[in-house]
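Structural characterization, general
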Amino acid sequence: MKALAETSSHLVTGMVVLAFVIALPLFYHLWQDARAGAKPFPELVTRPASLLTVMVSGEVGNPGVYQLNSGTRIRRLLRMVEPRFPAGLIEARRLDLPLESGRHYQFSSRLEAGMRVIPLGIREKLVLSIPVDLNSASAEELDALPYVSKKAARLIVEYRRQHGPLQDLDELSGIKGLGRKLVKSLKRYTSVGER
């Protein structure tokens, strides 16, 4: 019984030390930012709808996938990814453009403008949990979604041609030929309009 109490005591002590080791650098950076007058965590999001997701690659120190607030500018993203090319390579006017969700930003000194922006494919969006916009997806792109057949994809595209853009995901229920199960599953992977 005494051995169990000692093991529990060591476990609790270890967890406290681990929490301290993790929290100390965070608080240090917050303190440094506060001294410099910066607002801590400008990209911290309070509402999921305001998130945008981008992929970054190329001559950068921190490539990967980033989730940021809507309205974040390319300039901010560059500071986060630590470019490995000359600072003046990308035109200043491009640096002030807002990021677009579902895009792949490639940075390289070999590119004419220093960067290239490529839309992510449907499969990449699915992997990154980025909703696919039903109003802009082609029949081939819709067919790549889980549970969507070629016929269902054609029905959605034809409905858009006849009635205009979908206003709400519930509008899918009015498309003759789409079953309730399909409509329900589509809500997990899609949206109407960019989010």
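See the structure above.
Everything in this summary refers to the structure shown in the same document. Being a predicted model, the structure only gives us computed values, none of them experimental.

A word on the side chain of Ser101
Turning to its location among the elements, Ser101 is positioned in the loop between α3 (92–95) and β3 (103–107). Looking at Ser101, its side chain comes within polar contact range of the main-chain nitrogen of Thr53, at 3.0 Å.

A word on the nonpolar core
Formed by 21 residues in total, the largest nonpolar core has its most connected members in Leu142, Leu145, Val148, Ile156, Leu172, Leu178 and Leu186. Per element, the largest residue contribution to this core is five residues, and it comes from helix α6 (residues 150–163). One finds Val54, Val56, Phe85 and Met115 within the second-largest nonpolar core, a separate group that totals 18 residues.

Some remarks on helix α7 (residues 180–189)
Looking only at α7, the buried set comprises Leu182, Val183, Ser185, Leu186 and Tyr189. Contact partners of the buried residues in α7: α4 (122–127), β5 (132–133), α6 and β6 (190–191).

Observations regarding the packing of aromatic side chains
The full count for this structure, using the stated rule, is one aromatic pair. Measuring from centroid to centroid gives 6.5 Å for Phe85 and Phe107, while their planes differ by 25°, and the two rings are stacked. Placement of Phe85 in the loop between α2 (74–81) and α3 and of Phe107 in strand β3 is noted, with a sequence separation of 22 residues between them.

Definitions and cut-offs
Residues numbered from 1 in each chain as written. Predicted model: local features only at pLDDT ≥ 70, side-chain atom pairs only at ≥ 80, totals over all residues. Heavy atoms only, no water. Helix = DSSP H or I, 4+ residues; strand = E, 2+ residues; numbered from the N terminus. Polar contact = N/O pair within 3.5 Å; in protein donor to acceptor, adjacent residues only side chain to side chain. Core = buried A, V, L, I, M, F, W, Y, C linked by side-chain atoms within 4.5 Å. Buried < 20%, exposed > 50% of the residue type's maximum accessible area, 1.4 Å probe, protein only. Contact = heavy atoms within 4.5 Å. Phe/Tyr/Trp six-rings, centres within 6.5 Å; stacked < 30°, edge-to-face > 60°.

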